[in-house]
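Report on the structure
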Amino acid sequence: MSDAIDILQTTFGYDSFRDKQQAIVEHVIAGQDALVLMPTGGGKSLCYQIPALARDGLAIIVSPLIALMQDQVEALQQLGVKAAFLNSSLSVEDNASITSKVLSGEIKILYVAPERLTVSSFLNLLDEVNTHVGLALFAIDEAHCVSQWGHDFRPEYRQLTILHDRFPKVPRIALTATADGPTRAEIISQLALENAQQFISSFDRPNIRYHVTIKDNARQQLLHFLEREHANDAGIIYCLSRKKVEATAAWLTEKGWQALPYHAGLSAQLREHNQRRFLREEGIIMVATIAFGMGIDKPNVRFVAHLDLPKSMEGYYQETGRAGRDGLPANAWMAYGMGDVVSMRQMLDSGDASEERKRLEVIKLNALLGFCESTGCRHQSILRYFGEEHPGNCGQCDNCINPVDTWLATQAAQMALSCVYRTGQRFGAGHLIDVLIGKLTPQIERFNHDKVSTFGIGKDFSQSQWNSVYRQLTAAGYLEADIAAYGGLKLTETARPILKGEQEIWLRRDATPEKRASKAERSSRLKEAFEGANDDPLWLALKAKRMELAKEQSVPPYVIFHDATLIEILNQKPQDLTAMGQISGIGQAKLERYGLAFLEVIAEAG
Ligand code: ADP
Ligand code: ZN
């Protein structure tokens, strides 16, 4: 289909389709329904934007967030595409002007908030459009919003079948980056997409490097990570509580980083202000609760860091997935420790959810803890969780770069578990370790724990080795935290076979801090990707020009050019407009608008 490839090259400035894009685009252009399951950064937008341009009439894109619509429309306008949005943020006049442009066929792609679609005046407008201009397609973006169990549930999404009932001949394409099976099933049934062809891409994110660090002064570890790999980058740091968000943002600011807080307790204005700065400026770090992220379309988020555990693998995948949408190297970094295991288990226990729901959440948390403690390839574990195969050995995760040893820990586990038992199943790991290594603390004297049989039997191991043992035993469910006893550890049923010597147990050997640092240093791919760019005067000049143009139009810099495009300009140094037009990401409209400005920058630097 030359139409589609022609639009891809001329309008979007890309050479070729990625993965399943071409099949999807051709399917929709031919007037068929499609369900597209593709990871974040996979290139979903083109799957409906190209058919929207190739087919006659107006394309309607249902999108759940105002900020997202605005971004997409701005990006399309930069490409010379006639796009607009309708949502509650518009004035009455703007609304009327867009409506009249829609009716006269002056607009090709219209983004609409879901609540708008079911309003009868809007449906009547669609009737008229259908008669006079035609309807090219309906695209339902972020289709998982239809799922009641996801955290992005939007009740209005459940009424979207109205489109199909009223305009059965108009093709529909629903898209989501949600990887779990139950949500997919719900999308199909709720949107009546049983007959749509499914296009399922791999959910692997090869450009993301996963890294789980064992907590040992998490703030300092975070700081080292930022200094080593992300001196000038935009990123997101997730924390569990609002308080920790604010404290972390303030601390980073004090250390000279541009960090902003974001959580649901801040005023709407401040949240919007901070989000805007994150999108429009470069190198801003957002410290946030999970209230932040949905619909954040910023392509060059270079890292996502977790200072606290996410709730599930789904959460982890989705949150880390916000890094590296542009396909360039990005990091997903997490600091994790004994305290996280205890506090997550307590949180689940004390919540007021139904027993069934709690059981489900415990299963989900266990899967996540298993992932944290795993010694295998992270890409492989994540994909396996979502039912996809991966050969492992990715070379792009902590465990592949720096293989983890395991050791036969049956005897140590017996000592650790029996110490819990001998001291009455109500003390935390700190005290238990003191008993094992035979430290005569006031608390030990007070409880006469120097008289128990496990006192001093673990002298051969260091405190941090015992810490690692307790963390892993708790993560694996042999021990559980007792809320009534302030997080004291208790044995569970599964501990019995170990104590009786009926079961072997292998544990991971945590890397020492020195080993972690030197290996991480060696493996910084980000430095390779942006090799030397950060201090190259031409790179700085290109970025400055991009920022200047973005400010003039009040759009984010990546709407002018993505980093990948800017890097290619830096490497190729095109000398004329023809050469500039060959750069990936520069289509006709952008070449006309910005080609000369960037040629000048190159000429001045040369
Ligand atoms: P998603 O919505 O799936 O997260 P996007 O549609 O935002 O992903 O695309 C992610 C990035 O990949 C964008 O920067 C987009 O311009 C780029 N992209 C998409 N398709 C192609 C392609 N065929 N060639 C080059 N870049 C592409
Ligand atoms: Zn790996």
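Note that the structure is a prediction, hence the values are computed from the model and not measured.

How each quantity is defined
- Residues numbered from 1 in each chain as written.
- Chains lettered and ligands numbered in written order.
- Predicted model: local features only at pLDDT ≥ 70, side-chain atom pairs only at ≥ 80, totals over all residues.
- Heavy atoms only, no water.
- Helix = DSSP H or I, 4+ residues; strand = E, 2+ residues; numbered from the N terminus.
- Buried < 20%, exposed > 50% of the residue type's maximum accessible area, 1.4 Å probe, protein only.
- Contact = heavy atoms within 4.5 Å.
- Areas by Shrake-Rupley, 256 points an atom, 1.4 Å probe, with all protein chains shown as cover.
- Lys, Arg positive; Asp, Glu negative; His and termini not counted.
- Charge placed at Lys NZ, Arg CZ, Asp CG, Glu CD.
- Phe/Tyr/Trp six-rings, centres within 6.5 Å; stacked < 30°, edge-to-face > 60°.
- Lys NZ or Arg CZ within 6 Å of the ring centre and 35° of its normal.
- Donors = N, O, S within 2.8 Å, 3.2 Å for Na, K, Ca; no water.
- Tetrahedral: all angles 85-135°; square planar, octahedral: opposite > 155°, others 65-115°.
- Polar contact = N/O pair within 3.5 Å; in protein donor to acceptor, adjacent residues only side chain to side chain.
- Core = buried A, V, L, I, M, F, W, Y, C linked by side-chain atoms within 4.5 Å.
- Pairing = 2+ DSSP bridges.
- Axes fitted to C-alpha atoms, helices over the stretch in contact; angles between N-to-C directions.
- Salt bridge = Lys/Arg side-chain N within 4 Å of Asp/Glu carboxyl O.
- Near = heavy atom within 4 Å.
- Nonpolar A, V, L, I, M, F, W, Y, C, P; charged D, E, K, R; others polar.
- Parallel < 35°, antiparallel > 145°, perpendicular 65-115°, else oblique.

Turning our eyes to something else, we now look at the overall build of the protein chain. A tally of regular secondary structure across the protein chain gives 29 helices and 17 strands. Each of the three principal axes of the protein chain carries a C-alpha extent, and together these read 90 × 60 × 45 Å. Put simply, the protein chain has 606 residues, and 54% of those count as buried. Expressed as a percentage of contacts within the protein chain between residues at least 6 apart in sequence, the contacts between residues at least 24 apart total 73%. Summed over its atoms, the accessible surface of the protein chain is roughly 26,400 Å², and 49% of this surface lies on carbon and sulfur atoms. When the 64 basic and 73 acidic side-chain charges of the protein chain are each reduced to a single mean position, those positions are 5 Å apart.

Here the focus is helix α27 (residues 563–572). Those residues of α27 not exposed but buried are D563, T565, L566, I567, I569 and L570. One or two steps after α27, the chain reaches K573, where phi turns positive at roughly 45°.

In this section: the packing of aromatic side chains. All chains considered together, the criterion is met by 15 aromatic pairs. Consider the rings of F203 and Y317, whose centres lie 6.3 Å apart with planes at 45°: the pair is tilted. Here F203, found in the loop between β7 (197–200) and β8 (208–214), pairs with Y317, found in helix α13 (residues 313–320); they are 114 residues apart in sequence, far enough to count as distant. Note on accessibility: F203 and Y317 belong to one class, buried. Taken together through their ring pairs, the aromatic side chains of F203, Y317, Y385 and F386 make up a single cluster. Taking the ring centre of F278 as reference, the NZ or CZ of K298 above it sits at 5.4 Å. Over the aromatic face of F371 sits the side chain of R378, whose NZ or CZ is 5.1 Å from the ring centroid.

The subject of this paragraph is the coordination of the zinc ion (ligand 2). At this site the zinc ion (ligand 2) is bound by C377 (SG), C394 (SG), C397 (SG) and C400 (SG), with donor distances of 2.3 to 2.4 Å. Considering all four donor atoms around the zinc ion (ligand 2), the spread of angles at the metal, 99 to 125°, places the coordination shape in the tetrahedral class. For the zinc ion (ligand 2), the single-chain donor residues occur in sequence as C-x16-C-x2-C-x2-C. Note on C400: relative accessible area 21%, which makes it partly exposed.

The next point concerns the side chain of S312. As for its position among the elements, S312 is in the loop between β12 (303–306) and α13. A distance of 3.1 Å separates a polar side-chain atom of S312 from the backbone nitrogen of G315. Those residues in contact with S312 that sit more than four places away from it in its chain are K364 and L368.

A few words now on the nonpolar core. In this structure, I60, L110, L137, I173, F278 and Y336 are the most contacted members of the largest nonpolar core, which totals 135 residues. In terms of residue count, strand β5 (residues 135–140) provides more of this core than any other element does, six residues in total. Not counting the four nearest positions on each side in its chain, I60 is found in contact with L110, V112, L117, F122, L126, L135, L137, F138 and A139. If you look at the next biggest cluster of nonpolar residues, it comprises 32 residues, including M338, V342, A409 and V435.

Strand order in the open sheet formed by seven strands is β3-β4-β2-β5-β6-β1-β7, with parallel pairing between adjacent strands. Of all strands in the sheet, those with a lone pairing partner are β3 (83–86) and β7, marking the two edges. Each adjacent strand pair in this sheet contributes to an overall mean axis angle of 20°, direction not counted. The pairing of β5 with strand β6 (residues 172–176) spans three bridges and is classified as parallel. Counted as the bridge partner of F138 is R172 from β6.

Take the pattern of salt bridges next. Under the counting rule described, the total for this entry stands at 25 salt bridges. Three or more residues are tied together by salt bridges with common partners; here these are K215, K244, D308 and D340.

The six strands lie next to each other as β8-β13-β12-β9-β11-β10, forming an open sheet whose pairing is parallel. At either end of the open sheet lies a strand with only one pairing partner, and these are β8 and β10 (259–262). Taken pair by pair, the neighbouring strands of this sheet meet at an average axis angle of 15°, ignoring direction. Pairing between β8 and strand β13 (residues 330–336): seven bridges, direction parallel. By the bridge assignment, I214 is partnered in β13 with Y336.

This part covers the side chain of H306. With respect to the element layout, H306 can be found in strand β12. Its relative accessible area of 1% is what places H306 among the buried residues. For H306, the side chain forms a polar contact with the side chain of E319, separated by 2.8 Å. In contact with H306, not counting residues within four places along its chain, are Y238, Y316, E319, T320, W333, M334 and A335.

For the rest of this paragraph, the subject is the site of ligand 1. The environment of ligand 1 is made up of 15 residues, and the closest members are Y14, G41, S45, R325 and H562. Between Y14 and ligand 1, the recorded distance is 2.5 Å, taken from a side-chain N or O atom to an oxygen atom. Taking 570 Å² as the accessible area of ligand 1 by itself, protein coverage stands at 86%. When residues of the shell around ligand 1 are assigned to their parent elements, the largest contribution, three residues, is made by helix α3 (residues 44–54). Per-class residue counts for the shell around ligand 1 are four nonpolar, eight polar and three charged.

Relative to the helices and strands, G315 resides in helix α13. When its relative accessible area of 5% is taken as the criterion, G315 is described as buried. Between the alpha carbons of G315 and K364 there is a distance of 10.0 Å; along the sequence they are 49 residues apart.

Turning our eyes to something else, we now look at the packing of helix α18 (residues 410–422) against helix α21 (residues 463–475). Two elements in contact, α18 and α21, have axes separated by 10 Å at closest approach and are oriented at 75°. For the element pair α18 / α21, the angle class is roughly perpendicular. Of α21, the residues touching α18 (which contributes A412, A413, M415, A416, L417, C419 and V420) are W466, V469, Y470 and L473. By residue class, the composition of the contact of α18 with α21 is 11 nonpolar, no polar and no charged.

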